[in-house]
Amino acid sequence: MSFRRSGLLAVTLSGLLLLAACGSNQPTEQSTTTAPAVDSTQTKAAAMPTSASFGKALDGTEIQLYTLTNKQGAQATITNYGGTLVGLLMPDREGKMDDVVLGFDNVSDYQSPAFRKANPYIGALIGRYGNRIAKGKFTIDGKTYQVGVNNGPNSLHGGKVGYDQKIWEATPGTSPEGQTLTLKYLSKDGEEGYPGNLQITVVYTLTDNNALRIAYTATTDKATPVNLTNHAYFNLSHGVSKDILKHEVTLPADRYTVVDAGLIPTGELRPVKGTPFDFTTPHAIGERIAQVPGGYDHNWVLNAETGQHAAATVYDPASGRTLELTTDQPGIQFYTGNFLDGSLKGKGGTVYGLHAGFCLETQHFPDSPNEPKFPSTILRPGETYHTTSTYTFSVRK
């Protein structure tokens, strides 16, 4: 994350972790509209992204699903409900297009009692603070704030009603790099207990080299913690393999953030060498996962601290697909879908069981507002929060 002050760039750092647990709300209306099928035969991008109905939200608002297409036929589908990445069509080593992210057919699926009970944040934009804040409390300039608690005694991913449940203002467009979708949301002063009116803009861009770029920008009128990210679940062999245990992961990180039983950082940044957290060379996810109680759900401290840098590489031997992730963030939360239990059925009736997908959440470290040694996540008036993460797909023959 970088804060820009009228031409001066002040790079700060901090935040990562994740998981899910939130309240449930009984929907008042269920829509039968389903996501339009992705056209895997399309070879040329349209002049502008297209849109279609994605059903109705609980308050009756008609929700849209936007499709971005590049010149190679890759597609990204995004809804303005939660700014959620619903689908991502990428080629395998044979050129066959398939969806590589978990998602659902209709907005009602994201609001169902089962989804709200599990609350896995699948594909959503996360904020105001991605990851956990201990006991939902922090102090800025001598004033203590209490934000929404929704994960045991702690606050997770923005509180009880985070940005994943908001309806964003959406504007499709184009850029020299490819088709875009610009999403805007005003998080008002006091929302979930956070100080300051936070004006947020997130731009998804699907480039012609099969990269999905997510750029986040925010400004505030009061000092506030900000830590935005995306909670996509990937399965590069989705439709072939039901889990991601054979995916090979590389993380350029020599340390990780040690956490307590509540997944709150202890403050220790421990070396990964000699542990199952060492992904400095490629390892299959399932190779050592049994040595990590509950599975991987931790923040890695990336070796590079400034500018765009490598954050992760994932290779799926079954499909040949490779995902390379770059970011300007100091950490990455690697999560292996440990809480998916088969209770949710996604697109086309696919059952999402244990380890059905993995997440790579580029963020500052968890609980940074309460850890003065961690890079700061406090955004102040006159500063601009800006961070970009890019997910680039290719194949190995």
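Residues numbered from 1 in each chain as written. Predicted model: local features only at pLDDT ≥ 70, side-chain atom pairs only at ≥ 80, totals over all residues. Heavy atoms only, no water.

## Comments concerning the nonpolar core
Convention followed: Here, the term nonpolar core denotes a set of buried Ala, Val, Leu, Ile, Met, Phe, Trp, Tyr and Cys residues that are joined through side-chain atoms within 4.5 Å. With a 1.4 Å probe rolled over the protein chains alone, any residue whose accessible area is under 20% of its type maximum counts as buried; one over 50% counts as exposed, and the rest are partly exposed. Helical segments are the DSSP runs of H or I of at least four residues, strand segments are the runs of E of at least two, and each set is numbered from the N terminus. The contact definition used throughout considers only heavy atoms, calling two residues in contact when any of these lie within 4.5 Å.
Membership of the largest hydrophobic core comes to 58 residues, with the highest contact counts inside it found for Trp 300 and Phe 334. Looking at which element gives the most residues to this core, the answer is strand β15 (residues 198–207), with five residues. When residues no more than four places from it in sequence are discounted, the contact partners of Phe 334 are Val 249, Leu 251, Phe 279, Ile 285, Tyr 296, Asp 297, His 298, Trp 300, Phe 358, Cys 359 and Leu 360. Phe 115, Tyr 233, Tyr 335 and Leu 340 belong to the second-largest nonpolar core, a separate cluster that totals 19 residues.

## Some remarks on the environment of Pro 225
Assignment of secondary structure puts Pro 225 in strand β17 (residues 224–225). In this structure Pro 225 comes out as buried when scored by relative accessible area, which is 0%. Residues Pro 225 and Pro 369 lie 144 residues apart in sequence; the distance between their C-alpha atoms is 6.9 Å. Apart from residues lying up to four places away in sequence, Pro 225 is in contact with Arg 128, Tyr 129, Phe 138, Ile 140, Tyr 194, Pro 369, Thr 377 and Ile 378.

## With respect to empty space enclosed by the protein
Over the atoms rolls a probe the size of a water molecule, and its path tells where empty space is left. To be explicit about the condition: Cavities and pockets are defined on a 1 Å grid built over the protein atoms alone: a cavity is a set of grid points where a 1.4 Å probe fits but cannot escape, while a pocket is an open set with protein on both sides within 12 Å along at least five of seven lines, and lining residues are those with an atom within 4 Å of any such point. Grid points are joined across faces, edges and corners, and a volume is the space filled by probe spheres set on the points. Charged means Asp, Glu, Lys or Arg here, nonpolar means Ala, Val, Leu, Ile, Met, Phe, Trp, Tyr, Cys or Pro, and polar covers whatever is left, Gly included.
Applying the stated rule across the entire model yields three cavities of 30 Å³ or more. If you go around the largest cavity, you meet twelve residues; those closest to its centre are Ala 118, Pro 120, Phe 339, Leu 340 and Leu 344. Taken together, the residues of the lining of the largest cavity break down into nine nonpolar, two polar and one charged. Roughly 60 Å³ of volume is contained in the second largest cavity. If you trace the second largest cavity, you find it lined by Tyr 81, Thr 84, Tyr 110, Phe 115, Arg 116, Tyr 121, Ile 122, Ala 124, Asp 164 and Gln 165. For the lining of the second largest cavity, the per-class residue count stands at six nonpolar, two polar and two charged.

## As for the pairing of strand β14 (residues 178–187)
For clarity, the threshold we go by: Whether two strands pair comes down to DSSP finding at least two bridges between them.
Burial within β14 is extensive, with seven of its ten residues counted as buried. Relative to β14, strand β13 (residues 169–175) runs antiparallel, the two being bridged by seven bridges. Paired with Ser 175 across the bridge in β14 is Gly 178. If you look at the hairpin formed by β13 and β14, you'll find two residues sitting between the two strands. As judged from the ten bridges shared by β14 and β15, these two strands associate in the antiparallel manner. Bridged to Thr 180 within β15 is Thr 205.

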